[in-house]
Amino acid sequence: MHRIRRAFQTYKLLVMFSSMIFSLSVLLLCVNSVNSSMENNITNMRRTSMQYKPDETREKLMKLEQALGTVNPPYLTQIEAKRLLLETLENFRTLYGGKILNDITDKGGSFSADLEFEIQPTDPSQITDIITYLENSIAPVITVKKLSFSRSENRKTVRFLINADQPYYGGSYEY
């Protein structure tokens, strides 16, 4: 007992215990910080995982497979896709007097080109019929980019700017 009293009197043991307590306090704060961060990450992961519903995803994939089976889109090679796109563009060019605005470009998984043509509709339903036909095309996939309506004296014209994309099997796709 006398030795312990002596050690305390010299303050060496007190300083040593104080430094150990300080070190343990800092270590405890660091561990609490890491623990809090891990709990937040786990909570975020659980929240994110709740958004993914495997049953709904599986059901949507089955519906997609059924739709693909019904539509049966063509799986073309690169050469076949380019040929089909060229034939379609040539048909539009001859039927409607359109012009191809740019070279056919390869986007890595599909060929693409822009086309412009003009019609003189006799009634508004003719315009909607053409738009419906274009938007429902499967091969190539046609998107109406712009419609321009003009009127001069007794002539009404509608100018279509469309983009035709023909996907092919085996390309490199960017998401």
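Source: prediction; values computed, not measured. Counting starts from 1 at the beginning of each chain's written sequence and moves along it residue by residue. Given that the model is predicted, a residue must reach a pLDDT of at least 70 before its local features are reported, and side-chain atom pairs must reach 80 or more before they are shown or counted; all residues, however, enter totals for whole chains, interfaces and linings. The basis for every side-chain value is the complete set of non-hydrogen atoms in the structure, without hydrogens or water.

Colleague: Describe in detail the packing of aromatic side chains, supporting the description with residues and values.
Modeller: Aromatic rings from Phe, Tyr and Trp, taking only the six-membered ring of Trp, are treated as a pair when their centres fall within 6.5 Å; an angle between ring planes under 30 degrees marks them as stacked, one over 60 as edge-to-face, and anything in between as tilted. According to the stated counting rule, one finds 5 aromatic pairs in the structure shown. These aromatic residues form a ring-pair network of at least three members: Phe92, Tyr96, Phe117 and Phe160.

Colleague: Could you give an account of the pattern of salt bridges, with specific residues and numbers?
Modeller: A side-chain nitrogen of Lys or Arg and a carboxyl oxygen of Asp or Glu constitute a salt bridge if their distance falls within 4 Å. Counted under the stated rule, the structure contains 8 salt bridges. Residue Lys107 is joined to Asp165 by a salt bridge in which the shortest nitrogen-to-oxygen separation is 3.7 Å. Of this pair, Lys107 sits in the loop between β2 (105-106) and β3 (110-119) while Asp165 sits in strand β5 (residues 155-167), placing them 58 residues apart in sequence. Note on exposure labels: buried denotes an accessible area under 20% of the residue type's maximum, exposed denotes more than 50%, and partly exposed covers the range between, all computed with a 1.4 Å probe on protein chains only. Residue Lys107 is classed as partly exposed on the basis of its relative accessible area, which comes to 49%. A relative accessible area of 18% means that Asp165 is categorised as buried. Several salt bridges converge on common partners, so that one network encompasses Glu116, Glu118, Arg155 and Arg159. Going along the chain from the N terminus, every DSSP run of H or I of four or more residues is numbered as a helix, and every run of E of two or more is numbered as a strand.

Don't take any of this as a statement about function, it's just geometry.
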